[in-house]
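# Fold and contact review
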Amino acid sequence: MLIKSRRSWELPESAATSEDVFMNRREWLRAAGFAGLGLAASNLMAGSALAAIGGYPFPQNGAYTLDRALTDEEEATTYTNFYEFGSSKNIWRKTRKMVADPWAVTIDGMVEEEMTLDAEDLVKAMGGFEERLYRHRCVEAWAMAVPWSGVPLANLLKVAKPKAGAKYLRMETFLDKKVAPGQRQGWYPWPYVEALTIEEVQNELTFLATGLYGKALPNQNGAPIRLVTPWKYGFKSIKSIARFTFTDERPVSFWEELAPKEYGFWANVNPNIPHPRWSQATERLLGTDERVPTLLFNGYRDQVEGMYAKLPINDPRELYY
Ligand SMILES: Nc1nc2c(c(=O)[nH]1)N[C@H]1C(S)=C(S)[C@@H](COP(=O)(O)O)O[C@H]1N2
Ligand SMILES: [Mo]
């Protein structure tokens with residue numbers, strides 16, 4: 001994002017995770033043990049790829065149609081936003097260093113039983129694999145339309161069994177300075193964090209992607225598992241998730257921590273509420289020079305508007321950045 005004045009939100013060095021907290025992922029997988037789902041460590045070390053889920057391409061869910069052409073695959077997989085690997089959109093080659101398999105995912109907080117398991121076992125336990133065509137609207141006013149593969153995020157609740165008091169799901173991206181050069185920049189509040197209300201998790205649109213264009217997700221698009229919430233600005237769709245935490249306190253997300261007046265918790269797309277530094281009325285279609293009008297809730301109003309009708313919010317604009 002085009003944040004100009006770094007100093008205003010620069011964090012004290014103490015806020016950054018120090019190198020010694022970090023452990024090599026494989027070592028850590030071995031050390032952590034594997035709670036839940038009867039998962040054997042030996043399976044993980046064998047390194048069966050998420051690509052080996054099998055079944056790609058999954059059957060397309062006809063409920064989700066587009067009003068525009070699909071974005072060119074090469075464009076969607078080479079123009080990517082992944083600050084862990086740098087602030088430009090041309091970082092896809094750098095993500096090759098990331099090992100997305102095996103991939104430890106921890107589920108903790110307000111759950112019946114905390115667990116750490118491999119991403120592949122998690123999504124298999126969630127189930128419901130399908131393909132969906134969704135629009136994507138970045139807060140910086142570019143947009144794409146792509147076929148995601150994956151499972152409804154609501155199915156996470158079956159596996160995680162959150163306690164009745166849990167109100168939010170906090171999601172966290174991996175933290176590994178050796179792999180992700182962006183994470184050596186201490187002024188960012190790494191790891192990347194995003195969150196949804198439990199009601200948003202349960203919404204039919206909310207998807208956990210494992211694939212794109214009928215194949216396993218490329219690293220640069222958030223392998224092995226990545227959130228997709230098409231009615232919200234793109235920064236909500238957190239990539240390469242390593243932790244799901246159920247909590248009763250509203251988490252502060254990565255961009256919200258950096259610039260709370262520019263990137264809020266709700267981040268619902270709304271063409272009539274400008275970003276403080278630019279208009280949100282139109283969007284550029286990735287791979288073209290074409291601009292089209294932006295739609296309220298990015299065109300998903302019918303599916304999501306009800307969730308926001310009765311929230312205790314002072315300024316309704318709060319819902320739209
Ligand atoms: N971990 C992480 N997730 C992230 C980001 C990021 O920098 N780090 N960028 C977000 C933003 S701003 C957008 S628009 C989308 C971009 O997804 P894409 O690169 O697959 O198009 O990823 C989101 N998820
Ligand atoms: Mo974005």
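Coordinates for the structure precede this section.
Residues numbered from 1 in each chain as written. Chains lettered and ligands numbered in written order. Predicted model: local features only at pLDDT ≥ 70, side-chain atom pairs only at ≥ 80, totals over all residues. Heavy atoms only, no water.

### With respect to the overall build of the protein
What counts here: Under the scheme used here, helices are H or I runs from DSSP no shorter than 4 residues and strands are E runs no shorter than 2 residues, and both carry numbers assigned from the N terminus. Note on exposure labels: buried denotes an accessible area under 20% of the residue type's maximum, exposed denotes more than 50%, and partly exposed covers the range between, all computed with a 1.4 Å probe on protein chains only. Here a residue-residue contact requires only that any non-hydrogen atoms of the pair lie within 4.5 Å.
The helix and strand inventory of the protein stands at eight helices and 12 strands. When the 321 residues of the protein are sorted by exposure, 56% land in the buried category. Counted over contacts in the protein with a minimum sequence separation of 6, partners at least 24 positions apart contribute 73%.

### Here's the deal with the environment of E113
Locating E113 in the fold gives a position in the loop between β1 (104-109) and β2 (115-118). Judged by relative accessible area, E113 falls into the exposed class, the value being 53%.

### Section: the packing of aromatic side chains
Stated formally: Aromatic contacts are taken between Phe, Tyr and Trp rings whose centres are within 6.5 Å, Trp giving its six-membered ring; a plane angle under 30 degrees counts as stacked, one over 60 as edge-to-face, and the others as tilted. For a Lys NZ or an Arg CZ to count as sitting over a ring, it must be within 6 Å of the ring centre and within 35 degrees of the ring normal.
Scanning the entire structure with this criterion turns up 24 aromatic pairs. Judged by centre distance (5.8 Å) and plane angle (40 degrees), the ring pair of W187 and Y188 falls under tilted. Pairing F254 with W255 gives two aromatic rings, centres 5.0 Å apart and planes at 90 degrees, and the pair type is edge-to-face. You can call F254 buried: its relative accessible area is 1%. The exposure class of W255 is buried, given its relative accessible area of 1%. Here the aromatic cluster, defined as three or more aromatic residues joined through ring pairs, consists of Y83, W187, Y188, W190, Y192, F235, F254, W255 and Y263. Lying across the ring of Y79, R284 places its NZ or CZ 5.9 Å from the centre.

### Details of the site of ligand 1
Here is the rule we go by: Note on terminology: near, applied to a residue and a molecule or strand, indicates that one of the residue's heavy atoms is within 4 Å of it. Think of a polar contact as two N or O atoms within 3.5 Å of one another; within protein, one of them needs to be a possible hydrogen donor and the other a possible acceptor, and neighboring residues in sequence only count if both atoms come from side chains. Note on areas: Shrake-Rupley with a 1.4 Å probe; residue coverage comes only from the protein chains shown. Each residue is assigned to one class: nonpolar for Ala, Val, Leu, Ile, Met, Phe, Trp, Tyr, Cys and Pro, charged for Asp, Glu, Lys and Arg, and polar for all the others, Gly among them.
Inspection of the region around ligand 1 gives 19 residues, with Y83, E84, N221, R226 and K239 positioned closest. Measuring from an oxygen atom of ligand 1, one finds a backbone N or O atom of N81 at 2.9 Å. At 2.9 Å from an oxygen atom of ligand 1 is found a side-chain nitrogen or oxygen belonging to R226. Relative to its free-state accessible area of 530 Å², ligand 1 is covered by the protein chains to the extent of 100%. Looking at the shell around ligand 1, its residues break down into nine nonpolar, seven polar and three charged.

### Overview of the pattern of salt bridges
Rules: Just to be clear on terms, a salt bridge is a Lys or Arg side-chain nitrogen sitting within 4 Å of an Asp or Glu carboxyl oxygen.
Evaluation of the coordinates by the stated rule reveals 17 salt bridges. Between R132 and E130 there is a salt bridge, with its nearest N and O atoms 2.6 Å apart. Here R132 falls in the buried class, since its relative accessible area comes to 4%. The partner of R243 in a salt bridge is E172, with the nearest N and O atoms 3.6 Å apart. Of the two residues, R243 is situated in strand β10 (residues 241-247) and E172 in strand β5 (residues 168-173); the sequence distance between them amounts to 71 residues. Residues joined by salt bridges that share partners form a network here, namely D67, R68, R135, R137 and E283.

### Let's talk about the side chain of R226
Selection rule: Charge counting follows a simple rule: Lys and Arg are positive, Asp and Glu are negative, and His as well as the terminal groups are ignored.
Its place among the elements puts R226 in strand β9 (residues 226-228). Salt bridges are absent for the buried R226, whose nearest opposite-charge side chain, E84, sits at 11 Å. If we skip the residues at most four places from it in the chain, R226 touches H136, W148, F207, L208, A209, L217, N221, S237, I238, K239, S240 and I241.

### Some thoughts on the nonpolar core
Just so we agree on the cut-off: Here, nonpolar core refers to any group of buried Ala, Val, Leu, Ile, Met, Phe, Trp, Tyr and Cys residues whose side-chain atoms link them within 4.5 Å.
Grouped together as the largest cluster of nonpolar side chains are 88 residues, with contacts concentrated most on I107, L122, W148, L153, L156, F244 and F246. With five residues, the single largest contributor to this core is strand β4 (residues 142-152). Those residues in contact with W148 that sit more than four places away from it in its chain are E130, E131, R132, Y134, F207, A209, G211, L212, L217, R226 and V228.

### Let's talk about the sheet that holds strand β6 (residues 193-197)
The condition that has to hold: Two strands qualify as a pair provided DSSP detects at least 2 bridges between them. Axis geometry follows a simple rule: fit a line to the C-alpha atoms, using only the stretch in contact for helices, then measure angles between N-to-C directions, giving values from 0 to 180 degrees.
As summarised here, the arrangement of the five strands in space is β2-β1-β10-β5-β6, forming an open sheet in which the pairing is mixed. Either end of the sheet is taken by a strand with one partner, and the two such strands are β2 and β6. The average undirected angle you get between the axes of adjacent strands in this sheet is 20 degrees. Pairing analysis gives six bridges linking β5 to β10, with the strands arranged antiparallel. In the strand pairing of β10, Y168 is matched with T247. Sitting on the sheet, helix α4 (residues 119-126) touches β1, β2 and β10, and the angle it makes with β2 is about 100 degrees.

### Quick look at the side chain of T95
Within the secondary structure layout, T95 lies in the loop between α3 (73-78) and β1. You can call T95 buried: its relative accessible area is 0%. If sequence neighbours within four positions are ignored, T95 has contacts with F82, F85, N219 and Q220.

### A closer look at the pairing of strand β11 (residues 282-285)
Burial along β11 is one-sided: the residues E283 and L285 are buried and none of T282 and R284 is. Bridge count for β4 against β11 is two bridges, and the pairing is parallel. Across the sheet, residue A143 finds its bridge partner in β11, namely L285. The hairpin turn running from β11 into strand β12 (residues 291-293), its antiparallel successor, is five residues long, and G287 in that turn takes a positive phi close to 85 degrees.

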